[in-house]
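Reading the structure
Given next are the chains, with one letter for each unit.
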Amino acid sequence: MIVLRNIWFSYVDENYVLKNINIEFSRGITVVLGPNGSGKTTLLKIASCLYKPIRGEVLIDDINYWNLNEEEKIRFRRKIVYVHEKPILLRGSVLDNIIYGLIIRGYSRDEAIKKAHKISKELNITSILSRRTETLSIGERRLVTLARALVLDTDYLLLDDPIAHLHPSTRELVVDIVRSMKDEKVIAIATHDPLSTLKIASKVIILDSGRIVNISEPRNIIDKYILEY
Amino acid sequence: MYTEIYGIALRSLLISSTATLLALVWSIPFTAKLISIRHRSKDIIIGIFNTLIGLPTVLVGLVLYLLFSYSGPLGFLELLYTPYTIIIGESILITPLVISLLYEVFSRAYNEYWELALTLGADKLQAYKLIIREVISDIFVVSLISFSRAIGELGVALIVGGNIKGYTRVFTTAIALEIEKGEFETAIILGLLLFIVVLSVILTARIIKRRV
Ligand SMILES: Nc1ncnc2c1ncn2[C@@H]1O[C@H](COP(=O)(O)OP(=O)(O)OP(=O)(O)O)[C@@H](O)[C@H]1O
Ligand SMILES: [Mg+2]
C-alpha cells in the first residue's frame with residue numbers, strides 16, 4: 001500500500017500544486033481524474049517516490065520512504081514503477097529499452113530477453129522489437145514504455161495517461177492487461193479518459209487545483225464529475 | 001623546417017587533446033553533481049562558470065606561473081616550462097566552458113532520464129551511467145568545441161610553457177615567435193594549419209550535432 005499523508009508540494013517557492021493530500025493507493029486500480037494542471041502527474045510522481053514532498057509523508061508498505069537510507073531507498077524504489085505521460089525512450093532498440101530495468105536488477109541478458117518477448121507478445125509489439133527508438137510513432141513509443149514497466153512485474157504500478165494516443169483497440173488491449181493485474185498489484189492510473197478506465201477502477205480520485213475534491217467507488221461517481229472533468 | 005612544423009602540430013594536438021580530456025575528467029562528475037542540486041545556489045554556481053568562460057588566458061597563465069615558479073607553492077614539482085603545465089593550464093582555462101556547455105546538455109538529460117532511470121530501478125551510479133550513455137555524442141561535441149578553444153589559446157602556453165623549441169613550442173607560441181622574427185612564411189603556414197585543425201574540429205562537431 002502507498003499512503004500519502006498531508007502532502008504539500010510546490011515546484012517553485014510557495015506556489016503549492018498539491019495541497020494537503022491524503023490518499024491510500026491500495027490493491028486494485030485507483031483512477032485519478034482532473035483537469036489539465038490539477039496535479040495528477042505531480043501526485044503520481046510523489047507516490048512513486050520520484051519527488052520529495054515539501055511537507056507530509058509517503059509511506060510504502062508502512063515505511064516512510066524519505067527517512068530511508070540510500071540502499072533501502074533503491075530496494076523500495078524497485079517495488080514501484082512510474083510510466084511517464086510523455087514517453088521517454090533510451091537510445092538503441094526497443095528491446096534494449098524493455099530489458100533495461102531487468103538488466104540493472106541483475107537479470108542475465110537471456111532471461112531478460114525472454115521476459116521482454118513475453119510482454120511484447122501481450123502488447124502486440126513483437127514486430128518492432130529490433131527497431132531503433134527514434135523511428136517509432138508516438139503510440140508505439142507509449143506501448144514500449146508500458147512494456148518496459150510491466151516487464152518488471154512490480155508490486156506498484158503508476159501509469160500517467162497510459163492510453164493517450166492509442167487506437168481504440170490498442171486502448172482496449174492495454175486496459176485489459178492492466179485489469180488482469182488488478183488482484184495482485186497496487187495500480188494507479190491518471191487519465192483524461194474516464195470511459196475506458198472507470199469500468200476497471202476500484203477507486204476514483206478527482207483532483208482540482210491540487211486538492212482532492214472527491215474520493216469514491218466508481219459506481220458512486222456522479223455523472224456530473226465525469227462530464228465536468 | 002617541415003619536420004619542425006610537423007613536430008609543432010603533433011605536439012599541439014597532443015597537449016590540447018590531453019587538456020580537454022583532463023578537463024572532462026573533473027567537469028563531468030562535477031556537472032552531474034551540480035545538476036542534481038535542487039537549490040538556488042545551482043544558478044549562482046553555473047552563473048559563475050558562465051562568466052569565467054571569458055577569463056583572459058594570460059591571467060590563467062599568470063596565476064599558474066606564480067603557483068609553479070620555483071619559489072611558488074608548487075615549485076617543488078618542477079613543472080614550469082614543461083608540456084605538463086600547459087596541459088594543466090589549458091584544462092583549467094577551458095573548464096568553465098566545458099562545465100557551461102555540459103550543464104546545458106546534462107540538464108536536458110537530467111529532467112527526463114534521471115527520473116526514468118530511478119523509476120526503472122537504477123541506483124545513483126546506474127542512473128549517472130544511463131544519462132552519460134544518452135548524452136555521450138553531445139559530450140563529444142562539447143569536447144571538440146573546448147579542444148578548439150584550448151589549441152587556439154596563447155597566454156597559458158607562452159607563460160608557463162616558455163615556447164621551448166622541440167619541447168613546449170605549440171602552434172600559437174610558434175606563430176607569435178615567427179612573426180616576431182619576421183619569418184612570415186612559416187607563420188602563415190603554421191597559421192593555416194591551425195586554421196584547418198580548428199575548422200575541421202568545428203565542422204565535425206556540427207555534423208555530429210545534426211545527426212543526433
Ligand atoms: N516542472 C515544473 N515546474 C513548475 N511548475 C510545474 C512543473 N510541472 C508542473 N507544474 C505545474 O504544476 C501544476 C500541476 O501539474 P501536473 O503536471 O501535475 O498536472 P496534471 O494534472 O498532470 O496535468 P495534465 O492533465 O495536463 O497532465 C500545474 O499548474 C503545472 O503548471
Ligand atoms: Mg499530467
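Residues numbered from 1 in each chain as written. Chains lettered and ligands numbered in written order. Predicted model: local features only at pLDDT ≥ 70, side-chain atom pairs only at ≥ 80, totals over all residues. Heavy atoms only, no water.

1. Re unusual backbone geometry
To be explicit about the condition: Per-residue accessibility, obtained with a 1.4 Å probe over protein chains only, is compared with the maximum for each type, and a residue is labelled buried under 20%, exposed over 50%, and partly exposed between these values.
Within the chain, Asn20(A) stands out as a residue other than glycine whose phi angle is a positive 50°. Its relative accessible area of 35% is what places Asn20(A) among the partly exposed residues.

2. Concerning the interface of chain B and chain A
Note the cut-off: In this analysis, two residues are considered to be in contact whenever any of their non-hydrogen atoms come within 4.5 Å of each other. Buried area: the sum, over both parts, of the accessible surface (1.4 Å probe) that disappears when the two are put together. In what follows, salt bridge is the name for a side-chain nitrogen of Lys or Arg lying within 4 Å of a carboxyl oxygen of Asp or Glu. Each polar contact in these results corresponds to two N or O atoms within 3.5 Å; when the atoms are within protein, one needs to be able to donate a hydrogen and the other to accept it, and residues that are neighboring in sequence are counted only if both atoms are side-chain atoms. What counts as a helix is a DSSP run of H or I of at least four residues, what counts as a strand is a run of E of at least two, and both are numbered from the N terminus. Residue type decides the class: Asp, Glu, Lys and Arg count as charged, Ala, Val, Leu, Ile, Met, Phe, Trp, Tyr, Cys and Pro as nonpolar, and the leftover types, Gly among them, as polar.
Of the residues lining the interface, 19 residues belong to chain B; the matching set on chain A comes to 23 residues. It is Glu115(B), Thr119(B) and Leu120(B) that lose the most area in chain B upon contact with chain A, and together they represent 33% of the buried surface on that side. At the junction of chain B with chain A, the criterion picks out four salt bridges. Measuring nitrogen to oxygen at the nearest pair gives 3.9 Å for the salt bridge that ties Arg91(A) to Glu134(B). Seen at the junction of chain B and chain A, the total is 12 residue pairs in polar contact (both at pLDDT 80 or more). Of all elements in the fold, only helix 4 (83-119) and helix 5 (124-151) of chain B reach the threshold of two or more residues within the side of chain B that touches chain A. Here the element with the most residues in the side of chain B that touches chain A is helix 4 of chain B; it accounts for seven residues. Along the lines of polarity and charge, the residues of the side of chain B that touches chain A split into eight nonpolar, four polar and seven charged.

3. Examining the coordination of the magnesium ion (ligand 2)
Note the cut-off: In this description, a donor is an N, O or S atom within 2.8 Å of the metal centre, a cutoff extended to 3.2 Å for sodium, potassium and calcium. Water is not part of the atom list, which can make sites seem incomplete.
The coordination sphere of the magnesium ion (ligand 2), as far as protein atoms go, consists of Thr41(A) (OG1), Glu85(A) (OE) and Glu85(A) (OE), spread over 1.9 to 2.6 Å. Remark: Glu85(A) occurs in the loop between strand 6 (80-83) and helix 3 (94-104) and Thr41(A) occurs in helix 1 (residues 40-47); sequence separation between them is 44 residues.

4. Re the site of ligand 1
All names here are of chain A. Worth spelling out the cut-off: When at least one non-hydrogen atom of a residue lies within 4 Å of a molecule or strand, that residue is treated as near it. Every accessible area reported is derived by Shrake-Rupley at a probe size of 1.4 Å, with residue values counting cover from the shown protein chains alone.
The environment of ligand 1 is made up of Tyr11, Val17, Pro35, Asn36, Gly37, Ser38, Gly39, Lys40, Thr41, Thr42, Glu85 and His192. Between an oxygen atom of ligand 1 and a side-chain N or O atom of Lys40, the distance comes to 2.6 Å. Between ligand 1 and Glu85 there is a distance of 2.5 Å, counted from an oxygen atom to a side-chain nitrogen or oxygen. For ligand 1, whose free accessible area comes to 630 Å², the fraction covered by protein is 61%. Broken down by element, the residue count for the shell around ligand 1 peaks at three residues, all from helix 1. Its residues placed into classes, the shell around ligand 1 shows three nonpolar, seven polar and two charged.

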